[in-house]
Amino acid sequence: MNIVVVDDEREIADVIELYLQNDQYTVYKFYTGQEALDCIFEKKIDLAILDVMLPDIDGFQILKKIREKYTFPVIMLTAKTEYMDKITGLTMGADDYIPKPFNPLELVARVKAQLRRYTQYNDGGKEPGEVIDFGGLLLNRTSHECIYNEVPLTLTPIEFDILWLLCENRGKVISSEELFEKVWHEKYYKNSNNTVMVHIRHLREKMSAPTGTSDFIKTVWGVGYKVEE
């Protein structure tokens, strides 16, 4: 797999190159946008990692040029505080967004997830709606497969359905009542909230194994649960 990396912060570009090469990817590394564009037009590229702020052409301009001709995945890198960069990048056709500073292992996991999804879809693999793939998480409804940051997780049917519902509605808060009635297919009663809380806790415990943290599913106190976009 051929990956283009462009970032004018040489240390960051060098670290990304090192980690990707360790996973046997071929990396074309550049510190300016025009060099990266020239490479993209000359070689067969499978994924691009673009910094937003570059000395010549910014990452959005490169993304626009890529989307005029290619459909391969693009991951944008930008300062953590620049929320509008995320909105702009995703609107223009970026597939993922990673704020700086970032964990190189997380970046590699995101790269693998994007390449896996792109390969599946372009090989006529899964029908839309059968697979949820974002933020290092892969859920396959047909095979009941759950992979988080490249680690397979064994989920019960209830745990899988809870995670699927939250991810399908990512960015939206799902109340305990809605979650219970859609997953258990039963009427919600007062003590049903305890049932939901127990299953959420078990799910968080399993998802904390690959990363050491349990914040993928967030609690919105007094409202419900959500997964960030």
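What you are looking at is a predicted structure, and each value in this text was computed from that prediction instead of being measured.

What am I meant to see in the pairing of strand 1 (residues 2–6) here?
Looking along a regular strand, one sees side chains alternate from face to face of the sheet. Of all 5 residues in strand 1, 5 are buried; the element is thus mostly enclosed. Judged by which residues are buried, strand 1 turns out to be covered on both faces: Asn 2, Val 4 and Val 6 on one side and Ile 3 and Val 5 on the other are all buried. As for the winding sense of the linkage, the β-α-β connection from strand 1 through helix 1 (residues 10–22) to strand 2 (residues 26–30) is right-handed. One ladder, built from 4 bridges, connects strand 1 with strand 3 (residues 47–51); its direction is parallel. Residue pairing across strands places Val 6 opposite Leu 50, the latter belonging to strand 3.

In this structure, what is going on with the packing of helix 6 (residues 157–168) against helix 8 (residues 192–211)? I would like to understand it.
Packing of helix 6 against helix 8 leaves a shortest axis separation of 10 Å and a crossing angle of 85°. Accordingly, the angle class assigned to the pair helix 6 and helix 8 is roughly perpendicular. Residues Ile 158, Glu 159, Ile 162, Leu 163 and Leu 166 of helix 6 form the contact with helix 8, whose own contacting residues are His 199, Ile 200, His 202, Leu 203, Lys 206 and Met 207. In the contact of helix 6 with helix 8, the residues fall into 7 nonpolar, 2 polar and 2 charged.

For this particular structure, what's the right way to read the sheet that holds strand 10 (residues 174–175)?
Sheet strands associate in pairs through backbone hydrogen bonding, adopting either a parallel or an antiparallel arrangement. In space, the 3 strands of this open sheet follow the order 10-12-11, with antiparallel pairing throughout. Whereas interior strands pair on both sides, the edge strands pair on one side only; in this sheet they are strand 10 and strand 11 (217–220). The pairing of strand 11 with strand 12 (residues 224–227) spans 4 bridges and is antiparallel. In the sheet register, Lys 218 faces strand 12, and the bridge partner there is Lys 226. The strands that helix 6 touches are strand 10, strand 11 and strand 12; relative to strand 12, the one it contacts most, it runs at about 70°. The strands touched by helix 8 within the sheet are strand 11 and strand 12, with strand 11 carrying the most contacts at an inclination of about 145°.

Calculation rules
Residues numbered from 1 in each chain as written. Predicted model: local features only at pLDDT ≥ 70, side-chain atom pairs only at ≥ 80, totals over all residues. Heavy atoms only, no water. Buried < 20%, exposed > 50% of the residue type's maximum accessible area, 1.4 Å probe, protein only. Helix = DSSP H or I, 4+ residues; strand = E, 2+ residues; numbered from the N terminus. Right-handed = clockwise from strand over helix to strand, strands pointing away. Pairing = 2+ DSSP bridges. Axes fitted to C-alpha atoms, helices over the stretch in contact; angles between N-to-C directions. Parallel < 35°, antiparallel > 145°, perpendicular 65-115°, else oblique. Contact = heavy atoms within 4.5 Å. Nonpolar A, V, L, I, M, F, W, Y, C, P; charged D, E, K, R; others polar.

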